[in-house]
Amino acid sequence: MTDISRLDHRVPAACRTLAQWLLYVGLVLAAVMLMILGRANGQVMERMRIQVVDVLAPIIDMMSLPVDAVVVAAQTIRAWTALAEDNAALRHDRDRLLGWKDVALRLEAENAQLRQLLHFVADPQTRTVGARVVADNGGAFARSLIVAAGRHHGVGKGHAVLNGAGLVGRIAAVAPRSAQVLLVSDLNFRVPVAIGPARIRAILAGDNSDEPRITHLDPDAFVEVGDRVVTSGDGEAFPDDLPIGTIASIDNRTIRVRLFTDASPIEHVRIVDFGLQGIIDEAREALSAAPAGPSGPAAPAASPPVAAMAGSASR
Amino acid sequence: MTNVVSLRIEAAARATVPAGITVALMLLGSIPVSGMHVQLLEPLLAFASIYYWTLYRPDLMPAPLVFALGLLYDVLSGAPVGAHAGVLAVAHAILSGQRRFLIDKTFILNWVGFALVAVGGCVLVWLLTSIFYAMPVDPWGLLFQTLMTIVAYPLVFRLLLSCHLSLVQPV
């Protein structure tokens with residue numbers, strides 16, 4: 001009798017343990033399946049991700065209000081204490097800038113005349129949307145921002161994202177009210193650049209560190225620490241001459257770039273549609289995604305023409 | 001009758017506190033503070049929360065919930081979807097086995113347990129992410145955030161304990 005009751009007690013417990021282990025195995029398998037799916041079809045995963053973020057963005061935005069209030073209060077107090085100095089500095093700057101304004105106006109007029117002489121075709125009209133950064137994950141996995149402007153505001157995939165300092169990144173995914181910005185330092189970011197006064201062509205490749213690398217540089221090219229790095233306009237992803245950063249270090253194997261946008265926190269950005277369709281062609285992207293399967297190249301979201309260009313450039 | 005219904009509602013609300021706190025900590029972690037460098041100093045408080053509730057209220061932090069929280073973190077952090085979910089499921093399995101051992105002893109042991117799970121999880125996530133991208137991902141940011149989380153754990157433990165006593169099971 002006692003034996004039977006003990007058995008009764010033991011069997012459900014054993015079943016429960018087995019069920020528990022099966023559950024764990026199932027969950028781990030589900031995670032692996034999701035990762036394989038994400039690897040094979042990154043587009044679908046990114047679309048799902050931005051949909052979830054679009055729902056959560058207003059909540060994060062609301063939660064950030066008290067944090068913002070404290071930051072703004074601290075900034076206000078600091079601004080008050082430095083009022084006189086700031087005023088003097090601003091006056092000095094204004095005088096200097098007025099001089100530059102004259103120069104700019106003169107150059108603008110001259111430029112217009114020269115363009116007329118050459119029958120120059122102007123760049124397509126650009127359209128700018130200002131947006132506030134509501135979330136960032138500058139963590140270890142991805143360098144991206146969520147901004148509070150989306151499809152409803154005219155933001156589209158591939159648009160350039162800038163702030164006062166220079167190129168911040170590009171729009172990677174768009175939802176109705178928010179959009180994801182892939183930062184220049186992200187693992188998946190590639191952009192053709194021109195380095196220094198000689199405008200030496202290369203590719204800037206993010207690797208999730210603070211200072212992205214220069215790749216596909218001509219081995220005979222001469223590059224110095226401190227050289228300016230700007231977009232080259234190749235591949236028609238971005239227009240030329242958007243400031244990115246300066247060469248920070250050069251050693252035997254890698255050249256790294258310190259970003260202009262790294263100097264200060266990114267709170268507001270300008271999202272600019274330059275009317276360039278170079279890299280963001282969904283059909284082409286889907287085509288290129290197919291051969292770039294799990295064993296494909298290291299940059300799953302690298303844009304096709306850039307990748308193609310990078311492949312043909314000499315190292 | 002109404003009394004019974006209101007008691008049920010109250011109990012249900014109390015049961016959602018652990019998940020609610022964890023989600024709130026996750027969202028809090030993605031608020032842009034000021035610049036990327038500060039971001040890396042931020043401890044991953046949500047994981048401390050998952051650890052705490054898994055040990056002290058396993059009924060309110062079951063494996064499927066932990067998996068879902070991992071998915072949410074993957075989506076928010078930009079990690080490959082499934083990476084944290086899978087690692088958290090493994091961690092949950094290990095912790096469920098060592099529960100007794102970790103909560104009966106001193107706080108130091110609890111802390112050491114957290115540190116071991118956190119470092120193990122960090123290595124696993126790094127490995128999965130590197131396999132996903134087919135290249136070694138920069139490990140320092142991840143490692144640094146993990147260390148910050150371990151350092152912050154005693155404080156988070158205090159906060160969660162008070163939430164536990166006041167919200168989840170009031171005296």
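What you are looking at is a predicted structure, and each value in this text was computed from that prediction instead of being measured. The residue numbers shown here count from 1 along each chain, following its written sequence. For naming, the first written chain is A and the first written ligand is 1, with later ones following in the order written. Since the coordinates come from a predicted model, pLDDT governs what is reported: local features require at least 70, and pairs of side-chain atoms require 80 or more to be given and counted, while whole-chain, interface and lining totals use all residues. Only hydrogens and water are set aside when side-chain values are computed; all heavy atoms of the structure are taken into account.

A word on the overall build of chain B. Helix and strand labels come from DSSP, where a helix needs a run of H or I of at least four residues and a strand needs a run of E of at least two; each type is numbered from the N terminus. Counting its secondary structure elements, chain B contains eight helices and zero strands. Computation of the radius of gyration draws on C-alpha atoms alone. For the globule rule, the value is 2.2 Å times the number of residues to the power 0.38. Over its C-alpha trace chain B gives a radius of gyration of 17 Å, about what one expects of a compact globule, namely 16 Å for 171 residues. In terms of its C-alpha atoms, chain B occupies a principal-axis envelope of roughly 60 × 35 × 30 Å. A simple rule labels every residue: compare its accessible area, found with a 1.4 Å probe on the protein chains alone, to the largest value its type can have, and call it buried under 20%, exposed over 50%, or partly exposed in between. Looking at chain B as a whole, 50% of its 171 residues qualify as buried. The contacts of chain B with a sequence gap of at least 6 include a subset with a gap of at least 24, amounting to 71%. For chain B, the computed accessible surface area is about 7,900 Å², with 77% contributed by carbon and sulfur atoms. Note on charges: Lys and Arg go in the positive column, Asp and Glu in the negative column, and His and the chain ends are not counted at all. Lys charges are placed at NZ, Arg charges at CZ, Asp charges at CG and Glu charges at CD. The positive charge centre, built from 7 side chains, and the negative charge centre, built from 6, are 15 Å apart in chain B. Any two residues whose heavy atoms approach within 4.5 Å are treated as being in contact. In short, Shrake-Rupley with a 1.4 Å probe defines the accessible areas, and a residue's cover is counted only from the protein chains shown.

This part takes up empty space enclosed by the protein. All names here are of chain B. The method works on a 1 Å grid over the protein atoms by themselves. A cavity is a set of points holding a 1.4 Å probe that cannot get out, a pocket is an open set with protein on both sides within 12 Å along at least five of seven lines, and residues with an atom within 4 Å of a point line them. Grid points are joined across faces, edges and corners, and a volume is the space filled by probe spheres set on the points. One pass over the structure, following the stated rule, counts three cavities of 30 Å³ or more. There is about 320 Å³ of room inside the largest cavity. Lining the largest cavity are 21 residues, with Phe47, Leu88, Val117, Ala118 and Gly121 sitting closest to its centre. Within the residue set of the lining of the largest cavity, elements represented by two or more residues are helix H4 (45–56), helix H6 (83–104), helix H7 (107–133) and helix H8 (140–168). Its residues placed into classes, the lining of the largest cavity shows 15 nonpolar, six polar and no charged. Each residue gets one of three labels, nonpolar for Ala, Val, Leu, Ile, Met, Phe, Trp, Tyr, Cys and Pro, charged for Asp, Glu, Lys and Arg, and polar for the others, Gly among them.

Looking now at the interface of chain A and chain B. In this complex, chain A contributes 44 residues to the contact, which on the side of chain B involves 47 residues. Two parts lose some accessible area (1.4 Å probe) when they are put together, and adding that loss for both gives the buried area. Surface buried jointly by chain A and chain B totals about 4,000 Å² across both partners, of which 73% is contributed by carbon and sulfur atoms. Ranking the residues of chain A by area buried against chain B places Met35(A), Arg49(A) and Phe141(A) at the top, with a combined share of 20%. We define a salt bridge as a contact between a side-chain nitrogen of Lys or Arg and a carboxyl oxygen of Asp or Glu at a distance within 4 Å. Joining chain A to chain B, the criterion identifies zero salt bridges. A 3.5 Å cut-off defines polar contacts: any pair of N or O atoms within that distance qualifies, except that in protein one atom must be a possible hydrogen donor and the other a possible acceptor, and neighbouring residues in sequence count only when both atoms are side-chain atoms. Where chain A meets chain B, there are six residue pairs in polar contact (both at pLDDT 80 or more). Sorting the residues of the side of chain A that touches chain B by element identifies helix H1 (2–40), helix H2 (42–81) and strand S1 (127–137) of chain A as the ones contributing at least two each. Residue contributions to the side of chain A that touches chain B peak at eleven residues, all from H1(A).

A few words on the sheet that holds strand S11 (residues 255–259) of chain A. Residue and element names in this part refer to chain A. By definition, two strands form a pair when at least two bridges between them are found by DSSP. With antiparallel pairing, the six strands of this closed barrel are ordered in space as S6-S7-S8-S11-S10-S9. Pairs of neighbouring strands in the sheet enclose a mean axial angle of 45°, with direction left out of account. Examined bridge by bridge, strand S8 (residues 213–215) and S11 share two bridges and lie antiparallel to one another. Bridge pairing links Arg213 to Arg256 in S11. Lines are fitted to the C-alpha atoms to define the axes, a helix being fitted only along its stretch in contact, and any angle between axes, read from their N-to-C directions, falls within 0 to 180 degrees.

Time to look at the pairing of strand S5 (residues 179–183) of chain A. Residues and elements named next belong to chain A. Extensive coverage of S5 is indicated by the burial of five of its five residues. Pairing of strand S2 (residues 144–147) with S5, which is carried by four bridges, proceeds in the antiparallel orientation. Looking at S5, one finds that Ile146 is bridged to Gln180. Examined bridge by bridge, strand S4 (residues 167–174) and S5 share five bridges and lie antiparallel to one another. By the bridge assignment, Ala173 is partnered in S5 with Gln180.

Another point: the packing of aromatic side chains. Ring geometry is summarised as follows: Phe, Tyr and Trp rings, the Trp one being its six-membered ring, pair when their centres sit within 6.5 Å, and such pairs are stacked at plane angles under 30 degrees, edge-to-face over 60 and tilted between the two. Here the structure, examined in full by the defined rule, presents 15 aromatic pairs over all chains. Ring plane angle 75° and centroid distance 4.9 Å describe the contact between Phe47(B) and Tyr73(B), whose orientation is recorded as edge-to-face. Here Tyr73(B) lies in helix H5 (residues 63–77) and Phe47(B) lies in helix H4, a separation of 26 residues in the sequence. Residue Phe47(B) is classed as buried on the basis of its relative accessible area, which comes to 16%. What links up through ring pairs into an aromatic cluster is the set Tyr51(B), Tyr52(B), Trp53(B), Tyr56(B), Phe107(B), Trp111(B), Phe114(B), Tyr153(B) and Phe157(B). The criterion is that NZ of a Lys, or CZ of an Arg, lies within 6 Å of the ring centre and within 35 degrees of the ring normal, and then a charge sits over that ring. Lying over the aromatic face of Phe132(B), Arg39(A) brings its terminal NZ or CZ to 5.9 Å of the ring centre.

Membership of the largest hydrophobic core comes to 49 residues, with the highest contact counts inside it found for Met26(B), Tyr51(B), Trp53(B), Leu76(B) and Phe114(B). Secondary structure elements with two or more residues in this core: H2 and S1 of chain A together with helix H2 (17–29), H4, H5, H6, H7 and H8 of chain B. When sequence neighbours within four positions are dropped, the list of residues in contact with Met26(B) reads Ala46(B), Leu69(B), Leu72(B), Tyr73(B) and Leu76(B). Among the buried residues, those of types Ala, Val, Leu, Ile, Met, Phe, Trp, Tyr and Cys that are joined through side-chain atoms within 4.5 Å form a nonpolar core. Grouped together as the second largest cluster of nonpolar side chains are 27 residues, Phe189(A), Val193(A), Ile200(A) and Ile214(A) included.

All names here are of chain A. Tracing the chain through its elements places Arg253 in the loop between strand S10 (243–250) and S11. Judged by its relative accessible area of 75%, Arg253 falls in the exposed class. Each C-alpha atom of the pair Arg253 and Pro212 lies 13 Å from the other, and the pair is 41 residues apart in sequence.

A few words now on the environment of Val230(A). Residues and elements named next belong to chain A. Along the polypeptide, Val230 turns up in strand S9 (residues 228–231). Here Val230 falls in the buried class, since its relative accessible area comes to 8%. On a C-alpha basis, the gap between Val230 and Gly166 in space is 9.1 Å, while along the polypeptide they are 64 residues apart. The residues touching Val230, leaving out its near neighbours within four places in the chain, are Val193, Ala194, Arg199, Asp241, Leu242, Pro243 and Ile244.

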